[in-house]
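Summary of structural features
One-letter residues, chain by chain:
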Amino acid sequence: MTVLDDWVTAACAELDLESTQVPVSAVLDVARDVAHQVVRPGAPVSAYLLGLAVGRGADPADAAARLSALAAGWPVELGADRADPGSLSDPGPG
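First, a word on what this report is: a plain description of the structure on this page. Computed from a prediction, not measured in an experiment: that's the story for all the values here. (Residues numbered from 1 in each chain as written. Predicted model: local features only at pLDDT ≥ 70, side-chain atom pairs only at ≥ 80, totals over all residues. Heavy atoms only, no water.)

Section: the overall build of the protein chain
What counts, and what does not: The helix and strand labels rest on DSSP assignments: H or I over at least four residues marks a helix, E over at least two residues marks a strand, and numbering proceeds from the N terminus. Burial classes: relative accessible area under 20% of the type maximum marks a residue as buried, over 50% as exposed, and values in between as partly exposed (1.4 Å probe, protein chains only). Should any heavy atoms of two residues lie within 4.5 Å, those residues are counted as being in contact.
The helix and strand inventory of the protein chain stands at four helices and zero strands. Helices (α) and strands (β) of the protein chain occur, in sequence order from the N terminus, as α-α-α-α. Within the span of the protein chain, comprising 94 residues, buried residues form 16% of the whole. Intrachain contacts of the protein chain at a sequence separation of at least 6 include 48% that bridge at least 24 residues.

In structure tokens form, the structure reads like this:
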């Protein structure tokens, strides 16, 4: 087992979930796609949205594929700053 496997097992136990039903690879793929194609802070938010959709009955593989496809088609503006202006690393004005 890896540290990630151990974490997922422990987190699932804490949340009363079945760890065998966690599509770890699909969640990681969505996070990677969003982080690379859209914006880094969008990765955990997208993983949360994926979880909400699955919790409401969406097929995990289908929902993950749809989010990855959305990220792949996200418009990239040349020269645009891809950092999140509202992130904690933003020093703000002053």
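Re the pattern of salt bridges
Note the cut-off: Counted as salt bridges are all cases of a side-chain nitrogen of Lys or Arg within 4 Å of a carboxyl oxygen of Asp or Glu.
Within the structure shown, the criterion is met by three salt bridges. Of the charged contacts in the structure, one is a salt bridge between Asp 29 and Arg 32, with a shortest N-O distance of 3.3 Å. In this pair, Asp 29 and Arg 32 are both assigned in helix α2 (residues 24–37), three residues apart and thus about one turn of the helix distant. Arg 32 sits in the partly exposed class, given a relative accessible area of 41%. A salt bridge links Arg 32 to Asp 33; the shortest N-O distance between them is 3.0 Å. Using a relative accessible area of 16% as the deciding quantity, one classes Asp 33 as buried. Salt bridges here are not isolated pairs; linked through shared partners, they connect Asp 29, Arg 32 and Asp 33.

Considerations on helix α4 (residues 60–72)
Residues lying three or four places apart along an α-helix face the same way, a consequence of the helix completing one turn every 3.6 residues. Operational definition: Expected helix span is given by 1.5 Å per residue-to-residue step, counting one fewer step than there are residues. The arc in question is formed by the directions pointing from the helix axis toward the C-beta atoms.
Given a rise of 1.5 Å per residue, 13 residues ought to cover 18 Å, and the 18 Å separating the end C-alpha atoms of α4 matches this to within 8%. Within α4, the full set of buried residues consists of Ala 63, Ala 64, Ser 68 and Ala 71. An end-on view of α4 places all buried positions within 130 degrees of arc, on one side of the element. Opposite the buried face of α4, by more than 90 degrees, sit the exposed residues Arg 66, Leu 70 and Ala 72.

Regarding the nonpolar core
Cut-off, in case you're wondering: The nonpolar core is taken to be a set of buried Ala, Val, Leu, Ile, Met, Phe, Trp, Tyr and Cys residues, with the residues joined through side-chain atoms within 4.5 Å.
Formed by Ala 26, Val 30, Val 34, Leu 50, Ala 63, Ala 64 and Ala 71, the largest nonpolar core amounts to seven residues. With sequence-adjacent residues up to four places away left out, Leu 50 is seen in contact with Val 27, Val 30, Pro 60, Ala 63, Ala 64 and Leu 67.

Regarding the side chain of Ser 68
Where we set the bar: In protein, a polar contact means a hydrogen-donor-capable atom and an acceptor-capable atom, both N or O and within 3.5 Å, with residues adjacent in sequence counting only if both atoms are side-chain atoms; elsewhere, any N or O pair within 3.5 Å suffices.
Along the chain, Ser 68 falls in helix α4. Taking relative accessible area as the criterion, Ser 68 reaches 16% and is therefore assigned buried. Among the polar contacts made by the side chain of Ser 68, one reaches the side chain of Asp 33 at a distance of 2.7 Å.

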